[in-house]
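Results of the structural survey
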Amino acid sequence: MIVANGSFPTAENPLTLLKAASIVIACDGAIRSLHTEGILPYVIVGDMDSLPEDLRACYTDRLIRVEDQETNDLTKAVWQARKLGQDEIVIIGATGLREDHTLGNISLLAEYEPYFRRVELVTDSGWFIPLSYSTTLASVPGQQVSIFSLTPQTRLSVSGLRWPVKDRPFTSWWQGSLNEATGHEFRIDLEDKGHILVFRTYA
């Protein structure tokens, strides 16, 4: 579990995942919320510019300072998870607050995907996963589903949703949004190499 410095979750689903996580990696600015919740992170990663002095002293044995200004703190935490040998990451606290941070964090999922068996970004309303291959995903009837293409040249087909898609690209983010599952699974087929993000609301 990686906790970023966005809006700390309040919904049951992300909080349950957080409490069940075997390893919690915190971006430096997120430690305030974790400290308030009484959750002890395994490590705290970042350039420490968002870490108050009192918390810096409290968690001095868990700090991993990374000065690289070419990556954000979320990415620094993700690479730390990889160094620790983790092959699954679930990210919370990466949305909310500033919209530009939210969009940037969501788009980064496609960069993380090749390095992990599972990558998810969980919010209070649902979760995002990145995909670069054709697959079938679980759903429940009526579940809201949105598909965003990060590679607008990629043609894709989608079945099992209220509004199916047949061999077309999504050249703008709105084009694949606000769809709805009709059964217990839906299929996405990528006709070309590319990167997409799938958002599903909680059932």
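Before reading further, recall that the structure is shown in the block above.
Residues numbered from 1 in each chain as written. Predicted model: local features only at pLDDT ≥ 70, side-chain atom pairs only at ≥ 80, totals over all residues. Heavy atoms only, no water.

Here we come to the sheet that holds strand E1 (residues 2-3). Read from one edge of the open sheet, ten strands run E4-E3-E2-E1-E5-E6-E7-E14-E9-E12, paired in mixed fashion. Every interior strand has two partners, whereas the edge strands, strand E4 (63-65) and strand E12 (179-180), have only one. Bridge count for strand E6 (residues 118-122) against strand E7 (residues 126-131) is two bridges, and the pairing is antiparallel. The residue bridging Leu 121 from the neighbouring strand is Phe 128, located in E7. (Pairing = 2+ DSSP bridges. Helix = DSSP H or I, 4+ residues; strand = E, 2+ residues; numbered from the N terminus.)

A few words now on helix H5 (residues 99-107). For H5, the full list of buried residues reads Thr 102, Asn 105 and Ile 106. Seen along its axis, H5 keeps its buried residues to an arc of 100°; they face one direction. (Buried < 20%, exposed > 50% of the residue type's maximum accessible area, 1.4 Å probe, protein only. Arc of directions from axis to C-beta.)

Another point: the sheet that holds strand E10 (residues 155-159). Here four strands make up an open sheet; going across it, the order is E8-E13-E10-E11 and the pairing antiparallel. Two strands in the sheet have a free side with no partner beyond their single neighbour: strand E8 (135-138) and strand E11 (165-169). Recorded for the sheet is a direction-independent mean angle of 20° between the axes of neighbouring strands. With four bridges connecting them, E10 and strand E13 (residues 185-190) associate as antiparallel partners. Across the sheet, Val 158 pairs through a bridge with Ile 188, a residue of E13. (Axes fitted to C-alpha atoms, helices over the stretch in contact; angles between N-to-C directions.)

Our next topic: the layout of surface pockets. Approximately 410 Å³ is the volume found for the largest pocket. Among the secondary structure elements, those contributing two or more residues to the lining of the largest pocket are helix H4 (73-83) and H5. Grouping the constituent residues of the lining of the largest pocket by class yields five nonpolar, 13 polar and seven charged. (1 Å grid on protein atoms, 1.4 Å probe; cavity = no way out; pocket = protein on both sides within 12 Å on 5 of 7 lines; lining within 4 Å. Points joined across faces, edges and corners; volume = space filled by probe spheres on them. Nonpolar A, V, L, I, M, F, W, Y, C, P; charged D, E, K, R; others polar.)

Attention shifts here to the packing of aromatic side chains. This model, assessed by the stated rule, comprises six aromatic pairs. Considering the side-chain rings of Trp 79 and Tyr 112, the 5.9 Å spacing of their centres and the 80° angle between planes classify their relative orientation as edge-to-face. Taken together, the positions of Trp 79 in helix H4 and Tyr 112 in helix H6 (residues 109-112) put the pair 33 residues apart, joining distant regions of the chain. Taking 5.2 Å as the distance between ring centres and 80° as the angle between the ring planes, the aromatic pair formed by Trp 79 and Tyr 115 counts as edge-to-face. One end of the pair, Trp 79, is in helix H4; the other, Tyr 115, is in the loop between H6 and E6, and 36 residues separate them in sequence. Among the aromatic residues, ring-to-ring pairing joins Phe 128, Phe 148, Trp 173 and Phe 199 into one connected group. (Phe/Tyr/Trp six-rings, centres within 6.5 Å; stacked < 30°, edge-to-face > 60°.)

As a further point, take the pattern of salt bridges. Where charged atoms from two side chains of opposite charge come close, those side chains can pair. By the definition in use, this model includes ten salt bridges. Among the salt bridges present, the one from Arg 117 reaches Glu 88, with a minimum N-O distance of 2.2 Å. Of this pair, Arg 117 sits in the loop between H6 and E6 while Glu 88 sits in strand E5 (residues 88-92), and the two are 29 residues apart along the sequence. On the basis of relative accessible area, Arg 117 is assigned to the exposed category, the value being 61%. For Glu 88, a relative accessible area of 29% gives the class partly exposed. Each of Asp 87, Glu 88, Arg 117, Arg 118 and Glu 120 takes part in one network of salt bridges that share partners. (Salt bridge = Lys/Arg side-chain N within 4 Å of Asp/Glu carboxyl O.)

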